[in-house]
Amino acid sequence: MSESPPTTPVCYRHPGRETYIRCTRCDRPICPDCMREASVGHQCPECVNEGRRSVRPARTAFGGGTAGRHGYVTKALIAVNVLFLLASIASARGGDAAVGGSGFGGLMGGSTPLTEWGAVLGRAYLSDYTLGGIAEGQWYRLVTAMFLHYGVLHLLLNMWALWVLGRSLEANLGRVRFAALYLIAGLGGNVAAYLFSSPRAATVGASTAVFGLFAALIIIERRLGRDISRIIPILVINLVFTLAVPGISIPGHLGGLVVGALMALVLAYAPRSRRTLVQVTGGALILLILLALVLFRTAELLT
């Protein structure tokens, strides 16, 4: 009986290609097109994909993804604020929307139809003689106000602060957690403005969220054991500026500061074993409290 000649191995994915190279993980024959570099030898595509699935993605100290170091959310927020200002200027059909208002010797822009539509406003008659405001069901104002500004200088001051604070916080928290911090702090500041300002006073600006970022940066950096001595004087200067300059929404700034600090405490001190659950629950609880305060103020204005 004659022995059958030995057969040459073929690639398991390309049966027409002979090969003597095998995957170091599953030992299947692989051709040069199927080879994937590994720490030792080569692996087939399936083993490489399986290895990627088994490796946990890198996380920050607070549970966020490391993609936050690129600052995509910070850049997106700045872009949205700039677009809102351009739309505000376009709605006014005049230069006074950018400069020429009453603040800072005329450097602050004036009110526009868009800021009138989106500002935090309790309850008052608008320029078209209709009754408007949050108490009249226009709850969207609590969100839109944090993206609107009275002119270019107002925008530049807030966007510079957002650029400086946002990149550091986004890198430490990750994109989703940073976005939640920004929006909840801004919402908290606007709720405070609704609670404690005159119902006829209109306020806009990202400074409600920015003050929340100031408080959050102090808490996050302290949690990481870093020096915060350079941050506190800047915050104090901004607080003095808030209290000393007429026309600035004191409740809005202080409200953003407090709510931003509360959200940062939730993000920074959630126990590692159930970190995401505690962070989501804490953020939801803050939102429920803000909702209750809005309902209380609305009932007060309508009585």
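In this text, all values refer to a predicted model and were calculated from it rather than measured experimentally.

Caption draft 1: Inspection of the layout of surface pockets at higher detail. Here the second largest pocket is characterised by a volume of approximately 260 Å³. Lining the second largest pocket, in full, are Trp160, Ala161, Val164, Leu165, Ser168, Phe214, Leu217, Glu221, Asp227, Arg230, Ile231 and Ile234. For the lining of the second largest pocket, the secondary-structure elements that each account for two or more residues are helix H5 (152-173), helix H7 (207-223) and helix H8 (231-244). Among the elements that line the lining of the second largest pocket, the one with the most residues is H5, at five residues. Of the residues assigned to the lining of the second largest pocket, the class counts are eight nonpolar, one polar and three charged.

Caption draft 2: View of unusual backbone geometry. Unusually for a residue other than glycine, aspartate 27 sits at a positive phi of about 70°. The residue aspartate 27 is located in the segment before strand E1 (36-37) in this model. Exposure remark for aspartate 27: the relative accessible area of 47% places this residue in the partly exposed category. Phi is positive for tyrosine 129, which is not a glycine, with a value near 70°.

Caption draft 3: Geometry of empty space enclosed by the protein. Scanning the entire structure with this criterion turns up one cavity of 30 Å³ or more. Roughly 50 Å³ of volume is contained in the largest cavity. Around the largest cavity, the lining residues are Val120, Leu121, Gly122, Ala193, Tyr194, Ser197, Ser198, Pro199, Ala201 and Thr203. Among the residues forming the lining of the largest cavity, the class breakdown is six nonpolar, four polar and no charged.

Caption draft 4: Seen up close, the side chain of asparagine 81. As for its position among the elements, asparagine 81 is in helix H2 (residues 72-92). A polar atom in the side chain of asparagine 81 sits 2.7 Å from the backbone oxygen of leucine 77.

Caption draft 5: Looking closely at a nonpolar patch on the surface. A contiguous nonpolar surface patch, about 620 Å² in accessible area, is contributed by Trp139, Leu285, Leu288, Ile289, Leu291, Leu293 and Leu295. Mapped onto the secondary structure, leucine 285 falls in helix H10 (residues 275-302).

Caption draft 6: Main features of the packing of aromatic side chains. Applying the stated criterion across every chain yields a total of three aromatic pairs. For arginine 28, the ring lying beneath its charged end belongs to tyrosine 12, and the centroid distance is 4.1 Å.

Caption draft 7: Structural view of helix H9 (residues 250-269). In a regular helix each residue adds 1.5 Å, so 20 residues correspond to 28 Å; H9 covers 28 Å between its end C-alpha atoms and thus fits that length. For H9, the capping residue at the N-terminal end is serine 249, with a side-chain oxygen 3.1 Å from the backbone nitrogen of glycine 252.

Caption draft 8: Spotlight on the UniProt feature "transmembrane region" (unreviewed entry) in the protein chain. If you check UniProt for "transmembrane region" (unreviewed entry), the listed places come out as residues 72-92, 147-166, 178-196, 202-219, 231-248, 254-270 and 277-296 in our numbering. The span residues 72-92 carries 100% helix and 0% strand; its end-to-end C-alpha distance comes to 31 Å. Counting secondary structure, residues 277-296 comes out at 100% helix and 0% strand; the distance between its end C-alpha atoms is 29 Å.

Caption draft 9: Here's a closer look at the state of the cysteines. Counted according to the given criterion, the structure contains zero disulfides. In this structure cysteine 34 is not part of a disulfide, and its nearest cysteine sulfur, from cysteine 31, lies 3.7 Å away. A disulfide-free cysteine, cysteine 47 has its sulfur positioned 3.4 Å from the sulfur of cysteine 44, the nearest such atom.

Caption draft 10: Structural view of the UniProt feature "domain: Peptidase S54 rhomboid" (unreviewed entry) in the protein chain. UniProt annotation of "domain: Peptidase S54 rhomboid" (unreviewed entry) refers to residues 137-268 when read in the numbering used here. Helix makes up 74% of residues 137-268 and strand 0%. Its end C-alpha atoms lie 35 Å apart.

What counts and how
- Residues numbered from 1 in each chain as written.
- Predicted model: local features only at pLDDT ≥ 70, side-chain atom pairs only at ≥ 80, totals over all residues.
- Heavy atoms only, no water.
- 1 Å grid on protein atoms, 1.4 Å probe; cavity = no way out; pocket = protein on both sides within 12 Å on 5 of 7 lines; lining within 4 Å.
- Points joined across faces, edges and corners; volume = space filled by probe spheres on them.
- Helix = DSSP H or I, 4+ residues; strand = E, 2+ residues; numbered from the N terminus.
- Nonpolar A, V, L, I, M, F, W, Y, C, P; charged D, E, K, R; others polar.
- Buried < 20%, exposed > 50% of the residue type's maximum accessible area, 1.4 Å probe, protein only.
- Polar contact = N/O pair within 3.5 Å; in protein donor to acceptor, adjacent residues only side chain to side chain.
- Patch = residues over 30% accessible without salt bridge, like charges linked within 9 Å, V, L, I, M, F, W, Y side chains within 5 Å.
- Areas by Shrake-Rupley, 256 points an atom, 1.4 Å probe, with all protein chains shown as cover.
- Salt bridge = Lys/Arg side-chain N within 4 Å of Asp/Glu carboxyl O.
- Phe/Tyr/Trp six-rings, centres within 6.5 Å; stacked < 30°, edge-to-face > 60°.
- Lys NZ or Arg CZ within 6 Å of the ring centre and 35° of its normal.
- Expected span 1.5 Å × (residues − 1).
- UniProt positions renumbered as here; feature names shortened; annotations may be inferred.
- Disulfide = S-S within 2.5 Å.

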